[in-house]
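Okay, here's what each chain looks like letter by letter:
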Amino acid sequence: MFRSIVGKSTLRSLNFVAKRTYAEAAAATSSLKLQFALPHETLYSGSEVTQVNLPAKSGRIGVLANHVPTVEQLQPGIVEVMEGSKSKKFFISGGFATVQPDSQLCVTAIEAFPLESFSQENIKNLLAEANKNASSSNAREAAEAAIQIEVLEGLQSVLK
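Residues numbered from 1 in each chain as written. Predicted model: local features only at pLDDT ≥ 70, side-chain atom pairs only at ≥ 80, totals over all residues. Heavy atoms only, no water.

A pair can form between side chains of opposite charge whenever their charged atoms are brought close. All told, the structure shown has two salt bridges when counted by the stated rule. Among the ionic pairs, lysine 88 bridges to glutamate 83, the shortest N-O distance being 3.8 Å. Judged by its relative accessible area of 41%, lysine 88 falls in the partly exposed class. Given a relative accessible area of 23%, glutamate 83 falls into the partly exposed group. Between arginine 140 and glutamate 144 there is a salt bridge, with the nearest N and O atoms lying 3.1 Å from each other. (Salt bridge = Lys/Arg side-chain N within 4 Å of Asp/Glu carboxyl O. Buried < 20%, exposed > 50% of the residue type's maximum accessible area, 1.4 Å probe, protein only.)

What follows is the structure, given as structure tokens:
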């Protein structure tokens, strides 16, 4: 149906525009521009980084410059930002990541904390409390506890 609406010459030009050659990929920028934002704070604003590793729902992904444009839902886990030989790790409870065609990555999360700000002992205590609340007769309390368990188990698995 689409072919009958659009002429053959237009389809050929669309196919031509959609293809990226090796020369274009090599000539393109070698750094990724990162925007990492929370509702109350911006952690990175157009900063040039080497790579960002994300905990996507579809699996862990690494984003480099010239990555294929995509939108990913993020699950609780570690966002690792690599700036040359340095690496910064943040734990997020969820969010979204959008990769633009011009090597821009936008990560939006409700909360993000440096990994070194967590202790195993506190996580263990919070997880025990959330497990108790998960069997509550109050539906809201049980739902909140289920979310806490998912986030805390994700955090606990990364800190091991």
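Still more ground to cover, so stick around.
This part covers helix 5 (residues 139-159). Along its 21 residues, helix 5 runs 30 Å from first to last C-alpha, staying within 8% of the 30 Å computed at 1.5 Å per residue. Among the residues of helix 5, those classed as buried are Ala142, Ala145, Ile149, Val151, Leu152, Gly154, Leu155 and Gln156. Residues of helix 5 that are buried in the fold lie against strand 7 (86-92) and helix 4 (120-134). Backbone nitrogen of arginine 140 and a side-chain oxygen of the N-cap are separated by 3.0 Å at the start of helix 5; the cap is asparagine 138. (Helix = DSSP H or I, 4+ residues; strand = E, 2+ residues; numbered from the N terminus. Expected span 1.5 Å × (residues − 1). Contact = heavy atoms within 4.5 Å. Polar contact = N/O pair within 3.5 Å; in protein donor to acceptor, adjacent residues only side chain to side chain.)

Residues given the UniProt feature "domain: F1F0-ATP synthase subunit delta C-terminal" (unreviewed entry) here are residues 118-157. In residues 118-157, the share of helix is 85% and the share of strand is 0%. The end C-alpha atoms are 12 Å apart. (UniProt positions renumbered as here; feature names shortened; annotations may be inferred.)

Now for the environment of phenylalanine 113. Looking at the secondary structure, you find phenylalanine 113 in strand 10 (residues 112-114). Counting along the chain gives 21 residues from phenylalanine 113 to isoleucine 92, while the straight-line C-alpha distance between them is 6.8 Å. In this structure, phenylalanine 113 is in contact with Lys89, Phe90, Phe91 and Phe118, ignoring residues within four places of it in sequence.

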